[in-house]
Amino acid sequence: MGFARTCSVALVGVEGVVVEVQADLEPGVAAFTLVGLPDKSLTESRDRVRAAVVNSGATWPSKKLTVGLSPASVPKAGSGFDLAVACAVLGAAERIDPRVLADIVMIGELGLDGRIRPVRGILPAVLAAADAGYEQVVVPECAAAEASLVPGVSVLGVRTLRQLIALLADEPVPEEEPDEQGRPDPLLAGLRVPGTGAATGMHSIGAAQHDQDHDLADVVGQLAARTAVEVAAAGGHHLFLEGPPGAGKTMLAERLPAVLPKLTRQESLEVTAVHSVAGLLPMGKPLIDTAPYCAPHHSATMQALVGGGPGIARPGAVSLSHRGILFLDETPEFSGHALDALRQPLEAGHVVIARSAGVVRFPAKFLMVLAANPCPCGRFSLRDTQCECPPSAIRRYQARLSGPLLDRVDLRVEVDPVTRTELTGRGAGGASTATVAGRVREARERAAARLAGTPWRTNSEVPGRELRNRWQPAGGAMDEPERSLERGVLTARGLDRVLRVAWTVADLAGHARPDATDVALALQLRTGVPRGVPLTIGTPA
């Protein structure tokens, strides 16, 4: 009887569970049994592994073979167990020393010819292995850069099973024929999975990051909207832009990712893990260090927004925009149920999806930008009479955005139509993306210094009770928001959000704490009602 074991990783959302792959050989009729709650793609690994072992020059054992995946109570899905199964079988057949395999984690899919293909979720799988105390990981060669992002783990990237057998058996490593120059590498196909929303605006890199032509200075006029964008980026506040078509709402949203600071190392690992599980990692960029930008179409379902789908739940737009921007253009055209499903991740910073196979938790800490027309035709305005929509149609259109959802939005700005003078003017335009990004970075540094030693990093994360007790504004600065609370203009949540925005305005202006002008500007950006304060931050009233 021969026995060997090695390890692999089963992913549940973006969290991994180390699975022990055991192989047992007994005398009897040749058979291959795979146990341990495998799914269909994993059950098919019996044929892939047998063909890969034979085509790699090794002998397939003609005995009764049982492969167990432990713990058996955890569902296993995907083809990433192929490599571990093959090595465990070869260890039981004494082609490889079983003692060498015991403390190695192996992740990869096998082709019939023995080549090792990449799979989704390499980074979170290696993170799970490192957390479990494993120090050696074997991954496909083309995914070695992604796996090497995890510190304290020795990563071995191999291209074929034949090379891995030679390495583990301490034999000369055979040379593999290189692919022809200019031809696409078929092994890289496993790094991007079709059908995960890659063509519906769910990009791994912000639009303003990969297109140098996108600059905030291109936006003509819109002083209030530009100020709101700067405040949103500095404090992580949600933003609602309402205005007619062609006023620049989408332009402002597309330029917001470039204004945000670069992600920290920990944030980059979180974002990369989510995109790795979704199969959306960009080619040649194993680590995402810029804020992601997701702009799903308004026909997106609830599962596309918050995650889910048949079988194993996949991350949705709220998770793909983690630490970045979620832009919902034409927001009233989205399903009401899908929009209301955003309320929980907006407050919690994560989304929990319950399925019969188990509960999956995805991170979802994003900055939401909503854009909408004032009416179905888009021309309704108090200053214009071109709108032909009846009042009932306007009310129904605006009522598609529920009050509880809008109450979670910190900044609400009306984007006015661009005038001829603004569009053809030769005067100085607005500040560039680089200038605004510098001010945002300085404001975040002030906030980080104030919040040092707390679990919060931006003003939007600080609970209202902490702002009222530990970091109080100047005396009398909150009188007007408190009167708005008494009149029913603001809710208790809205009052806290005004205080958070006021701290962000103070950080941008360089004030030690919010004064009456900072609070008035925050209240104007929250309610949309003019308060007689300048829209340029730091300008005295």
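Residues numbered from 1 in each chain as written. Predicted model: local features only at pLDDT ≥ 70, side-chain atom pairs only at ≥ 80, totals over all residues. Heavy atoms only, no water.

S.K.: Would you mind going over the nonpolar core in detail, with residue names and values included?
M.R.: Residues V231, L239, L241, V369 and L411 are the most contacted members of the largest nonpolar core, which totals 54 residues. Broken down by element, the residue count for this core peaks at 8 residues, all from helix α22 (residues 492-509). Discounting residues that sit within four places of it in the chain, V369 has contacts with L239, L241, A253, L256, I325, L326, F327 and L328. One finds A23, W60, I165 and L168 within the second-largest nonpolar core, a separate group that totals 39 residues. (Core = buried A, V, L, I, M, F, W, Y, C linked by side-chain atoms within 4.5 Å. Buried < 20%, exposed > 50% of the residue type's maximum accessible area, 1.4 Å probe, protein only. Helix = DSSP H or I, 4+ residues; strand = E, 2+ residues; numbered from the N terminus. Contact = heavy atoms within 4.5 Å.)

S.K.: Give me the environment of G510: which residues, what numbers.
M.R.: Its location among the elements puts G510 in the loop between α22 and α23 (516-527). In this structure the C-alpha to C-alpha distance between G510 and G464, which are 46 residues apart in sequence, comes to 22 Å.

S.K.: Describe the packing of aromatic side chains, listing the residues and the values that go with them.
M.R.: Overall, the coordinates contain 2 aromatic pairs when judged by the stated rule. Considering the side-chain rings of F32 and W60, the 5.6 Å spacing of their centres and the 40° angle between planes classify their relative orientation as tilted. In this pair, F32 is assigned in strand β3 (residues 31-35) and W60 in the loop between α2 (45-55) and β4 (64-70), connecting sequence segments 28 residues apart. Overall, the relative accessible area of 16% leaves W60 in the buried class. Each ring, one from Y293 and one from F327, has its centre 6.5 Å from the other, and the planes form 25°; the classification is stacked. (Phe/Tyr/Trp six-rings, centres within 6.5 Å; stacked < 30°, edge-to-face > 60°.)

S.K.: Lay out a nonpolar patch on the surface with the relevant residues and their values.
M.R.: A surface patch of nonpolar side chains, about 210 Å² in accessible area, is lined by L156, L167 and V173. By the element assignment, L156 lies in strand β9 (residues 154-158). (Patch = residues over 30% accessible without salt bridge, like charges linked within 9 Å, V, L, I, M, F, W, Y side chains within 5 Å. Areas by Shrake-Rupley, 256 points an atom, 1.4 Å probe, with all protein chains shown as cover. Salt bridge = Lys/Arg side-chain N within 4 Å of Asp/Glu carboxyl O.)

S.K.: Which residues make up the pairing of β3, and what values go with them?
M.R.: Regular strands place side chains that alternate from one sheet face to the opposite one. Going residue by residue along β3, you find F32 and L34 tucked away on one face and A31, T33 and V35 left uncovered on the opposite face. Where β3 meets β4, 5 bridges bridge the pair, whose relative direction is parallel. From the neighbouring strand, F32 faces β4, where its bridge partner is L65. (Pairing = 2+ DSSP bridges.)

S.K.: Could you give me a rundown of the pattern of salt bridges, with the residues and numbers involved?
M.R.: Applying the stated criterion across every chain, the model contains 26 salt bridges. With a shortest N-O distance of 3.3 Å, R95 and E171 are connected by a salt bridge. Pair noted here: R95 is in the loop between α3 (82-92) and α4 (98-101) and E171 is in the loop between α7 (161-168) and β10 (202-203), with a separation of 76 residues, a long-range link. Note on R95: relative accessible area 33%, which makes it partly exposed. E171 sits in the partly exposed class, given a relative accessible area of 35%. Here the salt bridges share partners, and the residues they tie into one network are E347, D407, R408, D410, R493, R497 and R526.

S.K.: Residue-level account of α2, with values.
M.R.: Every buried residue belonging to α2 is among S45, R48, V49, A52 and V53, and all of these are buried. For α2, the arc enclosing every buried residue in end-on projection is 125°, short of the 170-degree limit, so these residues lie on one face. Phi for G57, located one or two positions after α2, is positive at around 90°. (Arc of directions from axis to C-beta.)

S.K.: Outline the side chain of T227, supporting the account with residue identities and numerical values.
M.R.: Here T227 is to be found in helix α9 (residues 223-235). Under the relative-accessibility criterion, T227 is labelled buried at 7%. With residues up to four places along the chain from it excluded, the contact list for T227 reads L535 and I537.

S.K.: I'd like a description of unusual backbone geometry, backed by residues and values.
M.R.: Each neighbour pair has its own omega, and for S70 with P71 the value is 10°, a cis peptide bond. Examined against the element boundaries, P71 turns out to sit in the loop between β4 and α3. Positioned with a positive phi, L37 is a non-glycine residue whose angle comes to about 60°. Tracing the backbone shows L37 in the loop between β3 and α1 (40-43). On the basis of relative accessibility, which here comes to 46%, the residue L37 falls in the partly exposed class. Of note in this structure, E94 is not a glycine but carries a positive phi near 65°. Overall, E94 belongs to the exposed group, its relative accessible area being 66%.

S.K.: So, the pairing of strand β2 (residues 15-26): which residues are in play, and what are the values?
M.R.: Inspection of the sheet shows strand β1 (residues 2-12) paired to β2 by 11 bridges, in the antiparallel sense. Within the sheet, the bridge partner assigned to G2 lies in β2 and is L25. Taking the residues between adjacent antiparallel strands as the criterion, β1 and β2 are bridged by 2 residues, where G13 takes a positive phi near 75°. In this sheet, β4 lies alongside β2 in antiparallel orientation, the contact comprising 7 bridges. Paired with V21 across the bridge in β4 is L69.

S.K.: Got a sec to walk through the environment of M368? Specific residues and values, please.
M.R.: Tracing the chain through its elements places M368 in strand β16 (residues 367-372). Along the primary structure M368 and G324 are separated by 44 residues, whereas in three dimensions their C-alpha atoms are 8.7 Å apart. Here M368 is in contact with H238, L239, L326, L342, L346, L405 and V409, once residues within four sequence places are set aside.

S.K.: Describe the environment of P473, listing the residues and the values that go with them.
M.R.: Within the fold, P473 resides in the loop between α20 (464-469) and α21 (479-486). When its relative accessible area of 14% is taken as the criterion, P473 is described as buried. Taking the C-alpha atoms as reference points, P473 and P27, separated by 446 residues in sequence, lie 79 Å from one another. Setting aside chain neighbours within four positions, we find P473 in contact with M478, L499, R513 and P514.

S.K.: Now, about the state of the cysteines: what can you tell me, with residues and values included?
M.R.: The tally for this structure, following the rule as stated, stands at 0 disulfides. Here C389 stays free of any disulfide, with the sulfur of C377 as its closest cysteine sulfur at 3.6 Å. Taking the relative accessible area as the measure of exposure, C389 reaches 17% and is therefore buried. (Disulfide = S-S within 2.5 Å.)

S.K.: I'd like to hear about the packing of α9 against α22, residue by residue, with values.
M.R.: Where α9 meets α22, the closest approach of the two axes is 9 Å, and the angle between their N-to-C directions is 100°. Looking at the two axes, α9 sits roughly perpendicular to α22. Residues E230, V231, A234 and G235 of α9 pack against V501, T504, V505 and L508 of α22. Each residue belonging to the contact of α9 with α22 can be placed in one class, and the counts come to 5 nonpolar, 2 polar and 1 charged. (Axes fitted to C-alpha atoms, helices over the stretch in contact; angles between N-to-C directions. Parallel < 35°, antiparallel > 145°, perpendicular 65-115°, else oblique. Nonpolar A, V, L, I, M, F, W, Y, C, P; charged D, E, K, R; others polar.)

All we've got here are geometric facts, nothing functional implied.
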